[in-house]
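# Architecture and fold: a report
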Amino acid sequence: MSVVCSAVLLGGRLFSCSLCRGGLTAVESSSSNIFNYTFSHDIILRLFQILNLTAEKASWKWGDETGINNVLQHFLSTGLVNMGIKGKIVLVLLAVAIGYVVVKLNATPPLPYLDPDPYWAAGPRKADDAKIRPFVIDIPAESLKDLKTRLELPPRLTSSLDGANFTYGMDSTTMAVILKYWKDTYDWKKREKKLNAYKHFKTRIEGLDIHFMRASPPANSGKTVRPLLLLHGWPGSFVEFMDILPLLTTPRPDSEVVFDVVCPSLPGYGFSEAAAKPGMDTLAMAQIMNKLMKRLGFKKYYAQGGDWGSAITVDIGTVFPDDVFGIHVNMFLGMTLGVQAKLFLGSVLPSGAIMDPKLEDSWYPLSKFYGTLIREMGYMHLHATKPDTVGVALNSSPQGLAAYIFEKFSTWTNEKYVYQKNGGLLEPDFPISLDSMLDNICVYWFTGSITSSMRLYAETFSPSSSMNVLSYIPTSVPSGLSVFRHDLAVTPKNFATSKLTDLVFYKFQEDGGHFAAMEVPKLLSVDIFSFVNVVERQLKEKAKKAKPTEL
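The structure displayed is predicted, hence computed values, not measured ones.

As enumerated under the stated definition, the model contains 24 aromatic pairs in all. Between the aromatic rings of Y457 and F461, the centroid separation amounts to 6.4 Å while the plane-to-plane angle is 40°, which identifies the pairing as tilted. The buried category is assigned to Y457, whose relative accessible area is 2%. Its guanidinium or amino end placed over the ring of Y404, K408 lies 5.9 Å from that ring's centre, counting from NZ or CZ.

In this section: helix α11 (residues 366–376). Of all the positions in α11, only L366, F369 and E376 are classed as buried. Mapping the buried residues of α11 onto a view down its axis gives an arc of 115°, with all of them on the same face. Exposed and facing more than 90 degrees away from the buried side of α11 are S367 and I374. Those residues of α11 that are buried are in contact with α10 (337–346), α12 (378–385) and α14 (398–413).

A few words now on the pattern of salt bridges. Following the criterion strictly, the structure yields 24 salt bridges and no others. With a shortest N-O distance of 2.6 Å, R191 and D439 are connected by a salt bridge. Placement of R191 in helix α6 (residues 188–195) and of D439 in helix α15 (residues 434–447) is noted, with a sequence separation of 248 residues between them. Accessibility classification places R191 together with D439 in one group, the buried group. With a closest N to O distance of 3.0 Å, R455 and D388 form a salt bridge. Of the two residues, R455 sits in helix α16 (residues 450–460) while D388 sits in helix α13 (residues 387–396), which places them 67 residues apart along the sequence. The exposure class assigned to R455 is partly exposed, which follows from its relative accessible area of 32%. Within the structure, one salt-bridge network assembled from shared partners comprises R133, R204, D209 and E273.

On the surface, a cluster of nonpolar side chains totalling about 320 Å² of accessible area is made up of I85, I89 and L93. As for its placement among the helices and strands, I89 is situated in helix α3 (residues 84–106).

Bringing the confidence of the model for the protein chain into the picture now. Chain-level pLDDT for the protein chain is 86 on average; 81% of the residues reach the 70-or-more range. Long-range and interchain partners of residues 1–68, a stretch whose pLDDT sits below 50, account for 111 contacts in this model, where long-range means more than four residues apart.

You can see H232 is positioned in the loop between β7 (224–231) and α7 (245–249). Of note is the side chain of H232, whose polar atom sits 3.1 Å from the backbone nitrogen of L266. Setting aside its immediate chain neighbours within four residues, H232 contacts S237, F238, E240, F241, P264, S265, L266, Y269, G306, W308 and G309.

All right, on to the layout of surface pockets then. By volume, the largest pocket is sized at about 940 Å³. For the lining of the largest pocket, the elements supplying multiple residues, two or more each, are α9 (308–319), α11, α12 and α17 (467–470). The element contributing the most residues to the lining of the largest pocket is α9, with five residues. Of the residues assigned to the lining of the largest pocket, the class counts are 19 nonpolar, seven polar and three charged.

Let us now look at the sheet that holds strand β6 (residues 208–215). Across a sheet, strands are paired by hydrogen bonds formed along the backbone, either parallel or antiparallel in direction. Pairing within the open sheet is mixed, and its nine strands lie in the order β4-β5-β6-β8-β7-β9-β10-β11-β12. Edge positions in the open sheet fall to β4 (133–135) and β12 (503–509), since each of these has one partner strand only. Put simply, the sheet's adjacent strands are angled 25° from each other on average, direction ignored. With six bridges joining them, strand β11 (residues 479–484) and β12 adopt parallel strand pairing. Looking at the pairing, G480 lines up with F505 of β12. Each of β7, β8 (257–264), β9 (301–306), β10 (324–330), β11 and β12 touches helix α20 (residues 521–546); the most contacted strand, β12, lies at about 160° to it.

Conventions adopted
- Residues numbered from 1 in each chain as written.
- Predicted model: local features only at pLDDT ≥ 70, side-chain atom pairs only at ≥ 80, totals over all residues.
- Heavy atoms only, no water.
- Phe/Tyr/Trp six-rings, centres within 6.5 Å; stacked < 30°, edge-to-face > 60°.
- Buried < 20%, exposed > 50% of the residue type's maximum accessible area, 1.4 Å probe, protein only.
- Lys NZ or Arg CZ within 6 Å of the ring centre and 35° of its normal.
- Helix = DSSP H or I, 4+ residues; strand = E, 2+ residues; numbered from the N terminus.
- Arc of directions from axis to C-beta.
- Contact = heavy atoms within 4.5 Å.
- Salt bridge = Lys/Arg side-chain N within 4 Å of Asp/Glu carboxyl O.
- Patch = residues over 30% accessible without salt bridge, like charges linked within 9 Å, V, L, I, M, F, W, Y side chains within 5 Å.
- Areas by Shrake-Rupley, 256 points an atom, 1.4 Å probe, with all protein chains shown as cover.
- pLDDT = per-residue confidence, 0-100.
- Polar contact = N/O pair within 3.5 Å; in protein donor to acceptor, adjacent residues only side chain to side chain.
- 1 Å grid on protein atoms, 1.4 Å probe; cavity = no way out; pocket = protein on both sides within 12 Å on 5 of 7 lines; lining within 4 Å.
- Points joined across faces, edges and corners; volume = space filled by probe spheres on them.
- Nonpolar A, V, L, I, M, F, W, Y, C, P; charged D, E, K, R; others polar.
- Pairing = 2+ DSSP bridges.
- Axes fitted to C-alpha atoms, helices over the stretch in contact; angles between N-to-C directions.

If you want it as structure tokens, here you go:
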């Protein structure tokens with residue numbers, strides 16, 4: 001009697017074999033059906049090389065299907081048969097164990113519990129005021145005076161090492177130039193008027209005052225108006241979207257859709273109130289954002305985000321699929337165990353076997369990828385463990401806050417800036433203006449929100465976080481992904497589909513980095529429109545099929 005007994009997780013794919021009296025044999029003899037999922041010939045060859053099998057014994061030649069079959073048959077009929085009964089028993093037990101692990105890893109867990117009506121404010125629970133209240137950014141004179149006084153203090157800067165550039169972090173010479181510009185030239189009140197060009201509001205949700213900015217298209221545009229929730233990350237804010245808003249709300253000739261954009265400050269960021277209790281992770285924020293859109297009267301909407309905004313957007317699509325038309329993200333990693341297996345396979349397999357060759361230099365050699373990850377993710381460990389400690393320093397010193405955030409703008413825009421004088425920040429071709437970066441830093445400073453913003457890392461990476469479950473639950477709503485060459489994660493399409501199972505739009509952009517909405521707003525806006533165009537066509541086709549046939 002033959003029973004399927006082994007399954008090997010390799011590159012996120014399941015290979016099956018059957019155990020019979022004659023030994024371990026392949027389910028099918030044809031080279032195209034040997035495995036449940038077909039791998040290209042060069043991948044199969046490399047797998048055998050990894051297993052230290054000799055193709056010569058099977059008279060294998062490159063590109064010869066029969067040769068591949070011969071190698072496999074040689075391995076199955078000779079290598080395993082000759083290993084002895086003890087070896088076979090060990091192999092079978094190992095295969096069963098691996099099969100069990102594979103089944104567990106591929107099982108979809110249930111959605112984590114989500115309290116539908118939590119209360120995040122301090123003190124006893126109070127009823128939420130559902131009113132949408134107009135809000136104007138108007139930083140008081142006392143706060144401006146306090147900032148000026150602090151900036152007037154001579155900065156205690158340590159001289160940078162010769163030739164180090166930004167490899168040790170913020171260069172002191174560059175910092176001195178930026179601080180002088182902030183103190184003597186930058187005009188907050190002038191910038192404040194620009195930020196107030198769009199209407200701002202606040203509303204209370206789950207006990208917290210949530211701030212959002214709204215940008216609407218012109219009336220009678222002749223286009224279908226779709227609501228779009230636009231979510232920022234860290235160390236960003238709603239300021240990130242100032243240049244992309246006019247592009248999203250202006251009708252385009254190549255789209256039947258235009259957007260009514262809702263751009264919130266995440267809880268604990270900028271002008272949105274911070275949670276007074278532990279547990280405000282990405283799923284909790286996703287629920288608040290979804291409630292915001294419902295309160296504004298939108299039955300369904302599109303959502304888009306980068307960085308933490310990407311994670312929250314994906315959570316919305318996963319947990320509230322009936323409330324969205326679709327989701328679009330930039331910067332998506334989704335490093336499940338299956339994806340990591342593919343990543344490691346790609347380091348030994350021929351170019352193009354695992355991912356598009358043009359993306360490989362962002363991942364390989366793995367030593368470079370993980371080296372960059374270790375170098376750039378130190379801040380994350382700090383935020384995920386003791387955010388309040390570093391928060392004291394950053395919230396007390398505008399110089400320290402500026403250094404901390406400017407360094408991220410430099411390195412995350414393009415890794416090359418780490419090795420350049422002034423980190424590229426003062427160069428005329430740097431993609432983000434000094435004023436825009438200072439606008440963002442001032443929002444953190446005047447609202448005193450840097451500490452609460454960093455707590456999102458601690459909440460999301462805690463053992464009890466919903467992320468530990470949601471990462472393994474497929475997101476089945478129509479999804480789009482824009483990948484920018486210089487972002488922290490240049491994710492291949494087949495990596496993304498392990499989580500985003502209905503990925504209807506994927507675009508790799510040769511330009512742009514982590515702050516795409518600030519660096520390349522035109523590219524990002526075109527991608528958003530293109531994604532929505534695909535989904536809208538699908539909606540029309542679905543509606544057409546659902547329409548009763550006329551007699």
